[in-house]
Amino acid sequence: EAAVTQSPRNKVAVTGGKVTLSCNQTNNHNNMYWYRQDTGHGLRLIHYSYGAGSTEKGDIPDGYKASRPSQENFSLILELATPSQTSVYFCASGEGGPPTGQLYFGEGSKLTVL
Amino acid sequence: GDSVTQTEGLVTLTEGLPVMLNCTYQSTYSPFLFWYVQHLNEAPKLLLKSFTDNKRPEHQGFHATLHKSSSSFHLQKSSAQLSDSALYYCASNSGGSNAKLTFGKGTKLSVKS
């Protein structure tokens, strides 16, 4: 079974503060992803990566940075957190590319920005 | 870019009745389509995916048929169970070498006894 772990699972931050969400996968997948989940919006892609050292912008990258220092780790960075970034964030890994396309998700990180 | 549309935000059914959740897509290429399911307080996980050879994927009683003529990949099940209550996402892989997976807004299925 694929294993993707996220930390922290819950985080409360203040407006203007820096937040780092971390993700580790033990599947040796090349691709990793960060999504946010909001009621009425579903899962929206923030950033993704094809491998160590690469990051790509997803559909809603503004206000977020990403870092992929190794095959196993992919971080999402909020340099100046805002209340609109309050959400549940999911990391995922996948072999990528069609026709596979299956993603394995972590358990999610709930972020509250006050 | 690609887009996936799920028209129902909430579907409420009585146990034993058939399920149909709608999904339509727009894509420049011929995408691969997926259904993911997310139970309460759990991570999303793959339910089923389209095949390249027009076979109908099935899993846990659910099935979906890719209709390229109507750009649809509706999820169906003949008889709903209480345990089917969950959030269902349709997703599209844009094809080519791009690994990006685009999700719809999700449909919450609530099955009552």
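Here we summarise the structure given alongside this text.

Calculation notes
Residues numbered from 1 in each chain as written. Chains lettered and ligands numbered in written order. Predicted model: local features only at pLDDT ≥ 70, side-chain atom pairs only at ≥ 80, totals over all residues. Heavy atoms only, no water. Helix = DSSP H or I, 4+ residues; strand = E, 2+ residues; numbered from the N terminus. Pairing = 2+ DSSP bridges. Axes fitted to C-alpha atoms, helices over the stretch in contact; angles between N-to-C directions. Phe/Tyr/Trp six-rings, centres within 6.5 Å; stacked < 30°, edge-to-face > 60°. Buried < 20%, exposed > 50% of the residue type's maximum accessible area, 1.4 Å probe, protein only. Contact = heavy atoms within 4.5 Å. Polar contact = N/O pair within 3.5 Å; in protein donor to acceptor, adjacent residues only side chain to side chain.

## Examining the environment of A:Glu95
And step 1. Within the secondary structure, A:Glu95 sits in the loop between β9 (87–94) and β10 (103–105).
And step 2. Placed 68 residues apart in sequence, A:Glu95 and A:Asn27 show a C-alpha to C-alpha distance of 9.0 Å.

## Things to note about the sheet that holds strand β9 (residues 75–77) of chain B
Residue and element names in this part refer to chain B.
And step 1. Spatially, β3-β9-β8-β7 is the arrangement adopted by the four strands of the open sheet, whose pairing is antiparallel. Edge positions in the sheet fall to β3 (19–21) and β7 (58–59), since each of these pairs with one other strand and no more.
And step 2. Sheet analysis places strand β8 (residues 62–64) next to β9, joined by three bridges and oriented antiparallel. Counterpart to Ala 64 in the pairing with β9 is Leu 75.

## Side note on the sheet that holds strand β8 (residues 73–78) of chain A
Residue and element names in this part refer to chain A.
And step 1. A sheet is described by the order of its strands in space; here four strands give the open sequence β1-β3-β8-β7, paired in antiparallel fashion. Edge strands, defined here as strands with exactly one partner in the open sheet, are β1 (4–7) and β7 (65–67). Ignoring strand direction, the axes of neighbouring strands in this sheet form an average angle of 20°.

## Things to note about the packing of aromatic side chains
And step 1. A complete count under the given rule lists 13 aromatic pairs over all chains for this structure.
And step 2. With a centroid separation of 5.6 Å and an interplanar angle of 80°, the aromatic rings of A:Tyr48 and A:Tyr50 are classed as edge-to-face.
And step 3. Between A:Phe90 and A:Phe105, the aromatic rings sit 6.2 Å apart at their centres with planes inclined by 85°, giving edge-to-face as the arrangement. A residue pair is termed long-range when its members are at least 10 positions apart, and A:Phe90 in strand β9 and A:Phe105 in strand β10 qualify at 15 residues. In terms of burial, A:Phe90 and A:Phe105 fall into one category: buried.
And step 4. Feature note: the residues A:Tyr33, A:Tyr35, A:Tyr48, A:Tyr50, A:Phe90, A:Phe105, B:Phe34, B:Tyr36, B:Tyr89 and B:Phe103 constitute an aromatic cluster, connected by ring pairs.

## Re the environment of A:Thr112
And step 1. Considering the arrangement of structural elements, one finds A:Thr112 in strand β11 (residues 109–113).
And step 2. Not counting the four nearest positions on each side in its chain, A:Thr112 is found in contact with A:Lys11, A:Val12, A:Ala13 and A:Thr86.

## Some details on the side chain of A:Gln71
All names here are of chain A.
And step 1. Mapping Gln 71 onto the fold places it in the loop between β7 and β8.
And step 2. Side-chain polar atoms of Gln 71 contact the side chain of Asn 30, separated by 3.2 Å.
And step 3. In contact with Gln 71, other than residues within four places in its own chain, are Gln 25, Asn 28, His 29, Asn 30, Met 32, Gly 51 and Ala 52.

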